[in-house]
Amino acid sequence: MLRILIAGAVAALIALSAVAPLAAQQTKPESGPESGPEAGPAEGKNAPPRQEARATRPPEDPAKLEAQSRQAYADGKYLPFYIANLKLHKLYPHVPSYMINLVRASALLEKANTAYHYMHMMQQQGLSFDFNSTEDTLNIRGTQAYDYMNNLLVEANAPAGEGTVAVTLPGPPQDYGALAWDASRERMLVGTIREGKLLAVAEDGTTEVLLQAGDDNGLWSITGLAVDADHARLWISSSASPAFDRFSAADLNRAALFEFDLGTLELIGHSYVPVDALQHRLGGVAVTRDGDIYVIDTVTPIVYRKVPGKDRLEAFVASEQLVRFSDLAVTPDNSRLFVADPVKGVFLVDPKVQEATMLGGPETLNLAGIEGIDYADGKLFVVQGGITPQRLMRLHLDATGSAAAEVGPMAVALEPFDWPRQAAIRGGDLYYFANQGAGSADAGAIIMRTALDAGGSIQPPDLEQLKRALQQPSQQ
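Residues numbered from 1 in each chain as written. Predicted model: local features only at pLDDT ≥ 70, side-chain atom pairs only at ≥ 80, totals over all residues. Heavy atoms only, no water.

1. Some words on the sheet that holds strand β16 (residues 327-330)
- With antiparallel pairing, the 4 strands of this open sheet are ordered in space as β16-β17-β18-β19. This sheet does not close on itself; its edge strands, each paired only once, are β16 and β19 (355-358). When strand polarity is set aside, the average angle formed by the axes of neighbouring strands in this sheet is 20°.
- Where strand β18 (residues 345-350) meets β19, 4 bridges bridge the pair, whose relative direction is antiparallel. If you follow D350 over to β19, its bridge partner there is E355. (Pairing = 2+ DSSP bridges. Helix = DSSP H or I, 4+ residues; strand = E, 2+ residues; numbered from the N terminus. Axes fitted to C-alpha atoms, helices over the stretch in contact; angles between N-to-C directions.)

Structure representation (structure tokens):
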């Protein structure tokens, strides 16, 4: 179980973050060694009580390991290259680039079976990479095992599943920062970054401006939305950043949660993130049946909470072992809070007993690159825009709600996909931004929908064929 910081104890994380910023990037491997997070917190900082008296080595610094990996590769020292990536893989087992580097390093060291092991691991997790694209694998090619597994890895990036374009909005895809379904209006609500507009989007793609950032409401960029129909409330998280066209340097890192009447859109109140030396950017918002509100900080990984009857936004939970947050979801009864970390996976919090861990699941489950998450009827729906293949996955939770008992791909590598993110459930469909990685405004921002029951379970490869392939003569 992760060591978590609840409420007042979050100050310890804030103090740590002030001297050790948490940053994460999902990058595509190229010919040289690549990495997932450029910097991040190391695990193992808190040994069990019985080990406290022992002398222990300090935790590995991921940024230092990354530098060692790059230098070792550049110097042609492939064993140190392998060791650095093995340590990084142990720190961040979901990050595909470390597994890719382990295959490459093993091939350069002429350890074919080790390379095949990590290729098989990637295939089992539904990941895709063509190892023929790098000359580093020349030493292990030409065997049935290599060809069989590499073909499977390439085929994993073939389009599969279901997804249709719902609407296309004008302008740069990156300008749209939040998404939610409003049943009272029968419209999808969309928030923008540059002008801080709240748009109601009809099925035919027409839009109506419901709100816009201004002196009357104090909004900046709209970075998170939640509709609380039971209490007739609209919750908007908003952050000041240079991307906002009315940005003032005096507002840098300011962020707040805004409460509006859902029907009249009258501003009821706002709760600001405390002003300090840290970077802040609020993101996804989630609401429970009883009106508890949760909102994430996407830069400094903290979950804030606002409880009914209180005006204050409190730092509720964090962990020094996490990297950054991208989205969150909560069960209606407030028994489980799911927070997506694109590097570490899904951070699972029990708000009632104030315990947390990482979401469990089978070894074949890879939860890297999650950019959107939502919950319904015992299932988690995740949008993995930061890995290859880009995909939507359905996780059937077990009876405890703490692990994925069954995993099903809903949509994989569909043609419009270019860094899909966000997730909003409307009836029997999941809506999401499909192309937020697009660099041009010409295509517009595509909102797609996929049925919640789309796709099926992951099918393993032919084990007998794989066994025969591995039994073929190969380099050791």
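2. Describing the pairing of strand β8 (residues 221-228)
- The buried count for β8 comes to 8 of 8 residues, which makes it a mostly enclosed element.
- Bridge count between β8 and strand β9 (residues 233-239): 7 bridges; the pairing is antiparallel. Within the sheet, the bridge partner assigned to I222 lies in β9 and is S238.
- Hairpin geometry of β8 and β9 is characterised by an intervening segment of 4 residues between the two adjacent antiparallel strands and by a positive phi of about 55° at A232. (Buried < 20%, exposed > 50% of the residue type's maximum accessible area, 1.4 Å probe, protein only.)

3. A few points about the sheet that holds strand β11 (residues 267-272)
- Strand order in the open sheet formed by 4 strands is β8-β9-β10-β11, and the pairing between neighbours is antiparallel. Two strands lie at the open edges of the sheet, namely β8 and β11, each paired on one side alone. Along the sheet, successive strands turn relative to each other by an average axial angle of 20°, direction set aside.
- In this structure, β9 lies alongside strand β10 (residues 255-261), joined through 7 bridges in antiparallel fashion. Each residue of the ladder has a partner; that of S237, found in β10, is L257.

4. What to know about the nonpolar core
- By size, the foremost hydrophobic cluster in this structure holds 29 residues, and its most contacted members are Y116, M119, M122, F131 and I140.
- Elements with a contribution of two residues or more to this core: α2 (62-74), α3 (78-91), α4 (96-108), α5 (112-124) and α6 (144-155).
- Membership of the second largest hydrophobic core comes to 22 residues, among which are L210, V227, L234 and F258. (Core = buried A, V, L, I, M, F, W, Y, C linked by side-chain atoms within 4.5 Å.)

5. Some remarks on the pairing of strand β17 (residues 337-341)
- Within β17, 5 of the 5 residues are buried, which leaves the element mostly enclosed by the surrounding structure.
- Here β17 shows a buried face lined by L337, V339 and D341 and a second buried face lined by F338 and A340.
- Across 4 bridges, β16 lies against β17 in antiparallel orientation. Counted as the bridge partner of D327 is A340 from β17.
- Taking the residues that link successive antiparallel strands as the turn, the β16-β17 hairpin has 6 residues, and the phi of N334 there is positive, at about 65°.
- Both β17 and β18 contribute to a ladder of 5 bridges, which runs antiparallel.

6. Let's talk about the side chain of S69
- Following the sequence through the fold, S69 ends up in helix α2.
- Side-chain polar atoms of S69 contact the side chain of N85, separated by 3.0 Å. (Polar contact = N/O pair within 3.5 Å; in protein donor to acceptor, adjacent residues only side chain to side chain.)

7. Quick look at α4
- If you check α4, its first and last C-alpha atoms are 19 Å apart, about what 13 residues at 1.5 Å a residue would give, namely 18 Å.
- Of all 13 residues in α4, 13 are buried, a share of seventy percent or more.
- Positive backbone phi, at 60°, marks E110, one or two positions downstream of α4. (Expected span 1.5 Å × (residues − 1).)

8. Brief notes about the environment of I446
- Mapping I446 onto the fold places it in strand β26 (residues 445-451).
- Considering only alpha carbons, one finds I446 and Q436, 10 residues apart in sequence, at a separation of 8.3 Å.

9. Comments concerning unusual backbone geometry
- Following T388, the chain continues to P389 via a peptide bond in cis, the omega torsion being 5°.
- Residues other than glycine seldom take positive phi values, yet W419 does so here, at roughly 60°.
- In this fold, W419 is placed in the loop between β23 (404-412) and β24 (421-426).
- Note on W419: relative accessible area 27%, which makes it partly exposed.
- Backbone geometry at Q422 places phi at a positive 70°, although glycine is not the residue there.

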